[in-house]
Amino acid sequence: MLERIKEIYAYREMTASLVRRDLKGRYKGSVLGFLWTFLNPLLQLAVYTMVFSTIMRSGIEDYYLFLFVALIPWIFFSTSLTGGAGCILSQQDMVKKIYFPREVLPFSYVLSQFVNMLLSFLVVFAVLAFARYQVQPAAFLCLPVIMLVEFVLALGFTMMMSAVTVYIRDLEYILGIVTMAWQFLTPVMYDIEQVPEQVRWVFWLNPMTYVISAYRDVLYYGTVPRLETLLSAAVTGAVMLVAGWFVFARLQRHFAEEL
């Protein structure tokens, strides 16, 4: 695995080129162009806030902020999973014609989504400043760790799904339904404390519950995340990356024949 990582690093210029192409081409031809990076989460925020603050009242103070600090990370994860599942198929000509570490494709896709999330966080920080929310310096220092853990988790899932999708094409469409259900089983739009205690353990089996809770601890509550939350998220992310890498390594041997 270490040798493979070194080889992927040797193709870092290819990775950077794929990331730039994805970021530039995402909204190519649209009137607003790159502004959709900020408008997309803002529009989703407006809809969810209207529903849960006005129609189905949640009773959570500053609900728009409570939601926003969780919605941006969730969009990154769900987009990485649903879009990344087809990253091998979309580059099949390159896969069949030239040699390069195939892991570059899911890695570059997740990285481009990660850069997009970082840009979206500029809006989050602006909203925090406007609302005059105070974040402890120690808590703020935990934010890069949480982001790294989520990146590793998203990469593991994306590597696995992108490899399996080459063999089972329907998976790309099934994941759209799965991630929609997954969002409702993740405390993005509600507080985990609102879940009945007798079934709460089921929600803690969801790795994104730990990630979203950690983001919310830092940005909404302004506190350092609980150690068990960070450790659970980190361990789950590491396990998922190893599992995803293993599945990808086994399945990539016959990519060219399947494509």
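Residues numbered from 1 in each chain as written. Predicted model: local features only at pLDDT ≥ 70, side-chain atom pairs only at ≥ 80, totals over all residues. Heavy atoms only, no water.

## Details of the overall build of the chain
The helix and strand tally for the chain stands at 14 helices and zero strands. What you see in the chain, going N to C, is helices and strands ordered as α-α-α-α-α-α-α-α-α-α-α-α-α-α. Burial status across the chain gives 49% buried among its 259 residues. Taking contacts inside the chain between residues at least 6 apart in sequence as the whole, the part at least 24 apart equals 80%. For the chain, the exposed area adds up to about 13,400 Å²; of that, 67% sits on carbon and sulfur atoms. (Helix = DSSP H or I, 4+ residues; strand = E, 2+ residues; numbered from the N terminus. Buried < 20%, exposed > 50% of the residue type's maximum accessible area, 1.4 Å probe, protein only. Contact = heavy atoms within 4.5 Å. Areas by Shrake-Rupley, 256 points an atom, 1.4 Å probe, with all protein chains shown as cover.)

## Some words on the packing of aromatic side chains
One pass over the structure, following the stated rule, counts 15 aromatic pairs. Seen in terms of ring centroids, Trp204 and Tyr210 are 5.0 Å apart; in terms of plane orientation they differ by 45 degrees. Their pairing is tilted. Note on Tyr210: relative accessible area 17%, which makes it buried. Each residue in the set Trp74, Phe77, Phe157 and Trp182 is aromatic and connected to the rest through ring pairs, giving one cluster. (Phe/Tyr/Trp six-rings, centres within 6.5 Å; stacked < 30°, edge-to-face > 60°.)

## A closer look at helix H4 (residues 63–84)
Compared with an ideal rise of 1.5 Å per residue, which puts 22 residues at 32 Å, H4 spans 31 Å between its outermost C-alpha atoms and is within 8% of the ideal. At Leu71, H4 shows its maximal bend, which comes to roughly 25 degrees, and the proline Pro73 appears one to four places after that position. Here H4 lies mainly inside the structure; 18 of its 22 residues are buried. (Expected span 1.5 Å × (residues − 1). Bend = angle between axes of the 7 residues up to and from the residue.)

## Side note on the side chain of Arg200
Considering the arrangement of structural elements, one finds Arg200 in helix H11 (residues 200–203). In contact with Arg200, other than residues within four places in its own chain, are Ile192, Glu193 and Val195.

## Notes on the confidence of the model for the chain
Looking at the chain as a whole, the pLDDT averages 83, with 86% of positions reaching at least 70. Mean pLDDT values for the elements of the chain range from 66 in helix H3 (residues 36–55) up to 92 in helix H9 (residues 143–167). (pLDDT = per-residue confidence, 0-100.)

## With respect to the nonpolar core
Phe77, Tyr215 and Leu219 are the most contacted members of the largest nonpolar core, which totals 72 residues. If we skip the residues at most four places from it in the chain, Tyr215 touches Val69, Pro73, Met117, Phe121, Leu143, Ile146, Met147, Glu150 and Tyr220. (Core = buried A, V, L, I, M, F, W, Y, C linked by side-chain atoms within 4.5 Å.)

## Thoughts on the pattern of salt bridges
Counting across every chain of the model gives one salt bridge. A salt bridge links Arg200 to Glu193; the shortest N-O distance between them is 3.3 Å. (Salt bridge = Lys/Arg side-chain N within 4 Å of Asp/Glu carboxyl O.)

## Overview of the side chain of Asp217
As for its placement among the helices and strands, Asp217 is situated in helix H12 (residues 207–219). Comment: no salt bridge for buried Asp217; closest opposite-charge side chain is Arg226, at 5.0 Å. Setting aside its immediate chain neighbours within four residues, Asp217 contacts Gly222, Thr223, Pro225 and Arg226. (Lys, Arg positive; Asp, Glu negative; His and termini not counted.)

## Examining the environment of Val164
Topologically, Val164 is positioned in helix H9. It is 10.0 Å that separates the C-alpha atoms of Val164 and Ile88, two residues lying 76 residues apart in sequence. Discounting chain neighbours no more than four positions away, the residues touching Val164 are Leu171, Val247 and Leu251.

## Digging into the packing of H4 against helix H7 (residues 104–130)
Remark: H4 packs on H7, axes separated minimally by 9 Å, with the N-to-C direction vectors making an angle of 170 degrees. Put simply, H4 runs roughly antiparallel to H7. From H4, Tyr64, Leu65, Phe68, Val69, Ile72, Pro73, Phe76, Thr79, Ser80, Gly83 and Gly84 reach across to H7, where they touch Tyr109, Val110, Gln113, Phe114, Met117, Ser120, Phe121, Val123, Val124, Val127 and Leu128. Classifying every residue of the contact of H4 with H7 by side-chain character gives 16 nonpolar, six polar and no charged. (Axes fitted to C-alpha atoms, helices over the stretch in contact; angles between N-to-C directions. Parallel < 35°, antiparallel > 145°, perpendicular 65-115°, else oblique. Nonpolar A, V, L, I, M, F, W, Y, C, P; charged D, E, K, R; others polar.)

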